[in-house]
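Residues per chain are reported as follows:
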Amino acid sequence: MAGPSSAPRPLPGSVDQVVALLSEGDYVADRSLATALFLALRLARPLFLEGEAGVGKTEVAKVLARTLGRKLLRLQCYEGLDLASAAYEWNYSRQMLEIRVAEAAHDMDRASIEHDLFSERFLVKRPLLQALEPDPAGAPVLLIDEIDRTDEPFEAFLLEVLSDYQLTIPEIGPVSAAAPPLVVITSNRTREVHDALKRRCFYAWIDYPDAERELAILRVKVPQAAEQLSRQVVGFVQRLRARDLFKLPGVAETIDWTQALMELDRRSLDPATVDATLGVLLKYQDDIARIRGQAAGEILDAATRAPGAS
């Protein structure tokens, strides 16, 4: 990370530089994602990333912050998320204490007290407000993670922040960013996000990677894995995603499974190991029961017989 006195690292000046920047952070991106990210950075627009869970949406923001040396501000969304948790709230206990101190000192100038109580020193800043503050290392990366978990009123509140990079606090007035934060919004598409919010963003869909890119990801994330094991894992997972399962494994599960196999000192896959470790790859018992045994053996046999798998 950049130190307090460091000059901000410049934003990438081309799509190729974005690919290199992500690669520097061990993120293997395809050209379409790199292009969307480049345009979002250059034109100061939020980047809206959709895709299944575990395909690397959140990691984009983390890598961006790490490679650019910027602060990462993460707003994890959930049902019922409100203004106090997302943007700001007043420190009511400190305000009450200030009132009692003023009463004890017989200093009860109401206008002065009211002005002081709603000043910045009593303001508890949350990620959306923190993202608007200047930073010597450059504008922070604001990650609004899993926006589809919130409700429409919260989306409506976000419109001001994403349109003008400002937030209005009734007691203080509008707070504007000196430099727009680098905003990444993710969604697992459990529900549709309103068009008004999407229109303010550039959009990219992150799909499951093809076999070549997934193998490249494993080589970066688990470089100590044997080549034969990595190829078999990728072949197995790629074929598994063609099955009718409740939840298909993402790239995160591919990485976890490979690391787990390494802990078991495996250099190649065998049916017994696959059955024993399916819980790392699949997260629902119905899916595990559907694959374990004969189905896993068939998938493994096809993955092992594929060119380059062994």
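Residues numbered from 1 in each chain as written. Predicted model: local features only at pLDDT ≥ 70, side-chain atom pairs only at ≥ 80, totals over all residues. Heavy atoms only, no water.

Asker: Break down the overall build of the protein for me, with residues and values.
Answerer: What the protein contains, in helices and strands, is 15 helices and nine strands. Each principal axis of the C-alpha atoms in the protein carries an extent, and together these give about 85 × 45 × 40 Å. When the 310 residues of the protein are sorted by exposure, 45% land in the buried category. Considering only contacts in the protein between residues 6 or more positions apart, those separated by 24 or more positions represent 74%. Here the protein displays about 15,400 Å² of accessible surface, and carbon together with sulfur accounts for 52% of that area. (Helix = DSSP H or I, 4+ residues; strand = E, 2+ residues; numbered from the N terminus. Buried < 20%, exposed > 50% of the residue type's maximum accessible area, 1.4 Å probe, protein only. Contact = heavy atoms within 4.5 Å. Areas by Shrake-Rupley, 256 points an atom, 1.4 Å probe, with all protein chains shown as cover.)

Asker: I'd like a description of the pattern of salt bridges, backed by residues and values.
Answerer: Any two side chains of opposite charge can pair, on the condition that their charged atoms come close. For the coordinates displayed, the defined rule picks out 18 salt bridges. Among the salt bridges present, the one from Asp30 reaches Arg213, with a minimum N-O distance of 3.9 Å. With Asp30 in the loop between helix 1 (15-24) and helix 2 (31-42) and Arg213 in helix 10 (residues 211-221), the pair connects residues that are 183 residues apart, well separated along the chain. For Asp30, a relative accessible area of 29% puts it in the partly exposed group. With a shortest N-O distance of 3.2 Å, Asp287 and Arg290 are connected by a salt bridge. Here the residue Asp287 and the residue Arg290 both occupy positions in helix 14 (residues 285-291), the gap between them amounting to three residues, near one helical turn. When its relative accessible area of 0% is taken as the criterion, Asp287 is described as buried. (Salt bridge = Lys/Arg side-chain N within 4 Å of Asp/Glu carboxyl O.)

Asker: Could you give me a rundown of the sheet that holds strand 5 (residues 141-145), with the residues and numbers involved?
Answerer: Strands sit in the order 2-5-8-1-9 across an open sheet of five strands; the sheet is parallel. Among the strands making up the open sheet, the edge pair consists of strand 2 (72-76) and strand 9 (202-205). Recorded for the sheet is a direction-independent mean angle of 20° between the axes of neighbouring strands. Two elements, strand 5 and strand 8 (residues 182-187), share four bridges in a ladder whose sense is parallel. Bridge pairing in strand 8 links Leu142 to Val183. (Pairing = 2+ DSSP bridges. Axes fitted to C-alpha atoms, helices over the stretch in contact; angles between N-to-C directions.)

Asker: Can you break down the packing of aromatic side chains residue by residue, with the values?
Answerer: With the rule as written, the count across this model stands at four aromatic pairs. Taking 6.1 Å as the distance between ring centres and 40° as the angle between the ring planes, the aromatic pair formed by Phe154 and Phe157 counts as tilted. A residue pair is termed a helical-turn pair when its members lie 3 or 4 positions apart in one helix, as Phe154 and Phe157 do in helix 8 (residues 152-164) at three residues. The buried category is assigned to Phe154, whose relative accessible area is 4%. (Phe/Tyr/Trp six-rings, centres within 6.5 Å; stacked < 30°, edge-to-face > 60°.)

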